[in-house]
Amino acid sequence: MPEPGSEQPFDDGALPTDTPAVPPTPPPASTPAPSAPEPSESAPEPAEQSPVRDDPPTVQQPVAPPTPAAEPTFEDIFGTPTPDAPEPTLPRHEPPTSRPAEPVASVQPDEALGIEAIADAVGASTSQTPWATATSAAAPESPRASRAPAAKAPKAAKTRPAKPTSAKSKRQRSGRRGGIVIIVALVAILAAVLGGGWLAFGPAIMDRFAEPEDFSGAGTGEVVVRIESGWTGAQVATMLEEEGVIADQETFYDLLVADPSIGFQPGSYRLALEMSAQSALDALQDEASRIVLQVTIPEGFVIQQVYARLAEQTGIPEADIVQAASDPSVYGVTGSTLEGWLFPATYTFDGSETPQQILQTMVDRMRQAMTERGVPEDQWQTIVTFASLVEREGGPVENFPQVARVFQNRLDIGMLMQSDATVHYGIGDFGVITTTDEERADAGNPYNTYVHAGLPIGPIGAPGDAAIDAVLAPAEGDWLYFVTIDPSTGETVFSNTLAEHNQAVLLFQAWLRDNPEYGS
């Protein structure tokens, strides 16, 4: 039994200051209770304060039990037989060193298992502290035992609660990996797009900011270029670069910007290759560089003569021209050939035209003549045929209105045209001006107006403006005959009767005797 005064003094700090001390209560007879010491001013201060509980403190008198209760052992608390260890140390889990680190910070599943094992050992959840667990698991204490200083259990190392390995956490980790894959793919696609864009547009961008190139000198060789009507300076510059005349269109265009008065005439030009921009510009302003092909088709030319003249003055093979004229409907002509529709005039070409383009230009000129004179389109073929007859027979232009009147008078009374020119056209002989009795009697010649009434079946030459005007407005008169008595001068005699005409024919025959080269 301990000596009086060796018990733990009463902690009067646990009582309110205005509450007097409670006198000791005698223990029951069956259980001896310790006697409370008298309160004294000189009582020593308590060595250690009891832990504060959540419930209101209860004042107890320190009593000495007959047999002190045994202190709880480490085995009772932690289930481990360590009687010699005054302060047990909680087991510490070390993560395997061979385990690779995760890309993000997280608690490993085996760490959670370690914490759960400790919790199972102490019989409490991971949210309880070792001290609370030890006091709850200990045997009931006497008041004296509760006042004795108890060994403090070491605090468990603070460990982040492990997240249970579940399908959700797996999905999170796989989601993170999937996000990384998507980011990498997007970066790769962006790099490919940017790389492809540079391959497509990089050279153009570099060229845009590079210094314009230029050749030097007047160039070498020869090339024919064409400037179309209505082209701008930028279009001309582009064409010159594409044809190899200049090195860079911007260099040429800069010259045009510096002098806004510069202009270009449409047409073909003969230039050189690899010219400096200035040399090319000078050449285009020089009329000597412009290719001008002038083709003159005389009035009265038959179609064979037109083809030959075109080939001669344009350099296009005659066979190509004939082939291009083989289908008159291509040019909107209703006749069997283009005869009479290739308007006689002087044309200017630049050498770039095709045979079809040249023929179309000539046909369009005849259409223009008909349209300007107000001729209905359904009469165009007839007027061209009539005008070709006047053109081939008329002689001097001033005779055309009278010649037209003679043929019109004959048509009006149903008289044969009796034109030597139609006979010549039918047999293809254009070198003479007379006919024989057999030729005039040949009914097999569809153009022979000595045997076939009315106008010939088609034009027999290329009529000009004068012949067309004469047909549309013939002279006034009753003439039914005419004959040129002097072909060298075009002197012609018009007669109303056959007797008058025969007298004029004698004059013509006399002239033929003097000029046998014109006879048949």
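Below, the discussion takes up the overall build of the chain. Within the chain one finds 17 helices and seven strands. Taking contacts inside the chain between residues at least 6 apart in sequence as the whole, the part at least 24 apart equals 64%. As displayed, the chain has an accessible area near 31900 Å², and 55% of this comes from carbon and sulfur atoms.

A separate point is the side chain of Ser268. Tracing the backbone through its elements, the reader meets Ser268 in strand 2 (residues 267-273). Judged by relative accessible area, which is 0%, Ser268 ranks as buried. Ignoring anything within four residues of it in the chain, the contact list for Ser268 reads Val224, Val225, Arg226, Ser289, Arg290, Ile291, Asp350 and Ser352.

We now examine the packing of aromatic side chains. Counted under the stated rule, the structure contains seven aromatic pairs. With centroids separated by 6.4 Å and ring planes inclined at 25 degrees, the aromatic side chains of Phe252 and Phe264 adopt a geometry described as stacked. Highlighted residues: Phe252 in helix 7 (residues 249-258) and Phe264 in the loop between helix 7 and strand 2, separated in sequence by 12 residues. We classify Phe252 as buried; its relative accessible area is 0%. Here the aromatic cluster, defined as three or more aromatic residues joined through ring pairs, consists of Phe407, Trp479, Phe482 and Phe494.

Here we come to the environment of Thr334. Structurally, the position occupied by Thr334 is in the loop between helix 10 (318-324) and strand 5 (346-349). By relative accessible area, which is 70% here, Thr334 ends up exposed. C-alpha separation for the pair Thr334 and Asp378, spaced 44 residues apart in sequence, amounts to 9.8 Å.

For the rest of this paragraph, the subject is helix 14 (residues 420-427). Of all the residues in helix 14, the buried ones are Ala421, Thr422, Val423, His424 and Tyr425. Where helix 14 starts, the residue carrying a side-chain oxygen 3.3 Å from the main-chain nitrogen of Ala421 turns out to be Ser419. Two residues or fewer past helix 14, Gly428 is found with a positive phi of approximately 75 degrees.

Bringing the sheet that holds strand 3 (residues 290-291) into the picture now. With respect to topology, three strands assemble into an open sheet ordered 1-2-3, the strand pairing being antiparallel. The sheet is open, and its two borders are formed by strand 1 (220-227) and strand 3, each paired with just one other strand. In the sheet, strand 1 pairs with strand 2 via six bridges, with the strands oriented antiparallel. Each bridged residue has a counterpart across the sheet, and for Thr220 the counterpart in strand 2 is Leu273. Strands in contact with helix 6 (residues 233-242) are strand 1 and strand 2; relative to strand 1, the strand with the most contacts, it is inclined by about 145 degrees.

The next thing to look at is the pattern of salt bridges. Overall, the coordinates contain eight salt bridges when judged by the stated rule. Across the pair Arg373 and Asp469 runs a salt bridge, and its minimum N-O distance is 2.5 Å. Taken together, the residues span a long stretch of sequence, with Arg373 in the loop between helix 11 (355-372) and helix 12 (380-393) and Asp469 in helix 16 (residues 465-472) at a distance of 96 residues. Accessibility expressed as a relative area gives 26% for Arg373, which makes it partly exposed. The class for Asp469 is partly exposed, based on a relative accessible area of 37%. Among the salt bridges present, the one from Arg440 reaches Asp437, with a minimum N-O distance of 2.2 Å. Note that Arg440 and Asp437 are positioned in helix 15 (residues 437-440) at a spacing of three residues, about one turn of the helix.

On to unusual backbone geometry, then. The phi angle of most residues is negative, glycine excepted, and most peptide bonds adopt the trans form. One non-glycine residue, Glu274, lies in positive phi territory at about 55 degrees. Here Glu274 lies in the loop between strand 2 and helix 8 (277-284).

Right, let's get into the confidence of the model for the chain. Predicted coordinates in areas of low pLDDT are best not read in detail. Averaged over all residues, the pLDDT of the chain is 75; the fraction at 70 or higher stands at 61%. The element-level mean pLDDT for the chain is lowest in helix 3 (residues 130-137), coming to 39, with helix 16 highest at 97. Contacts for the low-pLDDT stretch residues 1-62, under 50 throughout, to residues beyond four places or in other chains number 42 contacts. The low-confidence segment residues 98-115 (pLDDT under 50) makes 18 contacts with residues lying over four places distant or belonging to another chain.

Mapped onto the fold, Gly426 is located in helix 14. Between the alpha carbons of Gly426 and Tyr447 there is a distance of 5.1 Å; along the sequence they are 21 residues apart. Discounting residues that sit within four places of it in the chain, Gly426 has contacts with Asn445 and Tyr447.

This paragraph deals with the packing of helix 6 against helix 7. One can describe the packing of helix 6 onto helix 7 by two numbers: an axis separation of 9 Å at closest approach and a directional angle of 145 degrees. Helix 6 and helix 7 meet at a crossing whose hand is right-handed. Residues Gly233, Ala234, Val236, Ala237, Thr238, Leu240 and Glu241 of helix 6 pack against Gln249, Phe252, Tyr253 and Leu256 of helix 7. Taken together, the residues that form the contact of helix 6 with helix 7 break down as seven nonpolar, three polar and one charged.

What follows concerns the nonpolar core. Leu310, Leu338, Leu342, Leu359 and Val390 are the most contacted members of the largest nonpolar core, which totals 54 residues. If sequence neighbours within four positions are ignored, Leu338 has contacts with Ile303, Ala325, Pro328, Tyr331, Val333, Leu359 and Val363. Leu240, Leu271, Ala277 and Ala280 belong to the second-largest nonpolar core, a separate cluster that totals 20 residues.

The rules behind these values
- Residues numbered from 1 in each chain as written.
- Predicted model: local features only at pLDDT ≥ 70, side-chain atom pairs only at ≥ 80, totals over all residues.
- Heavy atoms only, no water.
- Helix = DSSP H or I, 4+ residues; strand = E, 2+ residues; numbered from the N terminus.
- Contact = heavy atoms within 4.5 Å.
- Areas by Shrake-Rupley, 256 points an atom, 1.4 Å probe, with all protein chains shown as cover.
- Buried < 20%, exposed > 50% of the residue type's maximum accessible area, 1.4 Å probe, protein only.
- Phe/Tyr/Trp six-rings, centres within 6.5 Å; stacked < 30°, edge-to-face > 60°.
- Polar contact = N/O pair within 3.5 Å; in protein donor to acceptor, adjacent residues only side chain to side chain.
- Pairing = 2+ DSSP bridges.
- Axes fitted to C-alpha atoms, helices over the stretch in contact; angles between N-to-C directions.
- Salt bridge = Lys/Arg side-chain N within 4 Å of Asp/Glu carboxyl O.
- pLDDT = per-residue confidence, 0-100.
- Left-handed = near helix turned anticlockwise from the far one by under 90°.
- Nonpolar A, V, L, I, M, F, W, Y, C, P; charged D, E, K, R; others polar.
- Core = buried A, V, L, I, M, F, W, Y, C linked by side-chain atoms within 4.5 Å.

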